[in-house]
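Overview (structure and organization)
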Amino acid sequence: MEVGDVLPELRIPVTRTLIVAGAVATRDYQDVHHDAEAARGRGSPDIFMNILTTNGLVSRYVAEFFGPTAALRRLRIRLGVPNYPDDELVLTGRVTAVDGPVVAVEVVGANRLGRHVTGSAEVVLP
């Protein structure tokens, strides 16, 4: 593992089911995550993904790359544009630092509107 190494791209279809299931699984019952009419009433064109689902998808992306014996020690994310149904989230990443068994990674997740999520992760390798 070296600084500059690139993680393979991960493409995730953003379905209505993924958005609603993610909200329910994380006990986020805000109506903007499951009720399109309520979301439109609040100025959004449709329901949108919650931050906890995004956090889980970024965690999955990093964890799958490093494998089951690595430990995800830190994850920090910042949301940008929303993830709406019928879009695609494309996750990309690159190694930004290596200090012995500790690897730092920068992650970006984009959709047709732009950057949905930017963040960083720290992984401890066995």
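Attention here is on the structure that accompanies the text. (Residues numbered from 1 in each chain as written. Predicted model: local features only at pLDDT ≥ 70, side-chain atom pairs only at ≥ 80, totals over all residues. Heavy atoms only, no water.)

1. Topic: the packing of aromatic side chains
Per the stated rule, a full pass over the model turns up one aromatic pair. Aromatic side chains F65 and F66 sit 4.8 Å apart centroid to centroid with 90° between the ring planes, which places their arrangement in the edge-to-face category. (Phe/Tyr/Trp six-rings, centres within 6.5 Å; stacked < 30°, edge-to-face > 60°.)

2. A few points about a nonpolar patch on the surface
A cluster of nonpolar side chains, contributed by M1, V3, F65 and V98, occupies part of the molecular surface with about 330 Å² of accessible area. One can find M1 in the segment before β1 (6-14). Judged by relative accessible area, M1 falls into the partly exposed class, the value being 44%. (Patch = residues over 30% accessible without salt bridge, like charges linked within 9 Å, V, L, I, M, F, W, Y side chains within 5 Å. Areas by Shrake-Rupley, 256 points an atom, 1.4 Å probe, with all protein chains shown as cover. Salt bridge = Lys/Arg side-chain N within 4 Å of Asp/Glu carboxyl O. Helix = DSSP H or I, 4+ residues; strand = E, 2+ residues; numbered from the N terminus. Buried < 20%, exposed > 50% of the residue type's maximum accessible area, 1.4 Å probe, protein only.)

3. Some details on the nonpolar core
One finds Y61, V62, F66, L91 and V107 to be the most contacted residues of the largest nonpolar core, which totals 25 residues. Of all the elements in the fold, those that place two or more residues in this core are β1, α2 (36-41), α3 (51-66), β3 (87-99), β4 (102-111) and β5 (114-124). Here this core gets five residues from one element, more than from any other, and that element is α3. With near-sequence residues (within four places) excluded, V107 lies in contact with V58, Y61, V62, L91, T92, G93, V117, T118 and G119. (Core = buried A, V, L, I, M, F, W, Y, C linked by side-chain atoms within 4.5 Å. Contact = heavy atoms within 4.5 Å.)

4. Describing the side chain of H116
By the secondary structure assignment, H116 is in strand β5. Taking the relative accessible area as the measure of exposure, H116 reaches 1% and is therefore buried. If we ignore the near neighbours within four places in the chain, the residues touching H116 are M49, T54, R78, L79, G80, V81, P82, N83, L89, G109, A110 and N111.

5. Side note on the pairing of β3
Both β1 and β3 contribute to a ladder of seven bridges, which runs antiparallel. Of the residues in β3, the one forming a bridge with P13 is E88. As defined by bridge partners, β3 adjoins β4 across nine bridges and the pair is classed as antiparallel. Of the residues in β4, the one forming a bridge with V90 is A110. (Pairing = 2+ DSSP bridges.)

6. Quick word on α3
In this model, α3 (16 residues) spans 23 Å end to end at C-alpha, consistent with the 22 Å of a helix rising 1.5 Å per residue. Turning to α3, its buried residues number three or more, namely T53, T54, L57, V58, S59, Y61, V62 and F66. Lining the buried residues of α3 we find β1, α1 (16-25), β2 (71-79), β3, β4 and β5. Positioned one or two residues after α3, G67 has a phi angle of 90°, which is positive. (Expected span 1.5 Å × (residues − 1).)

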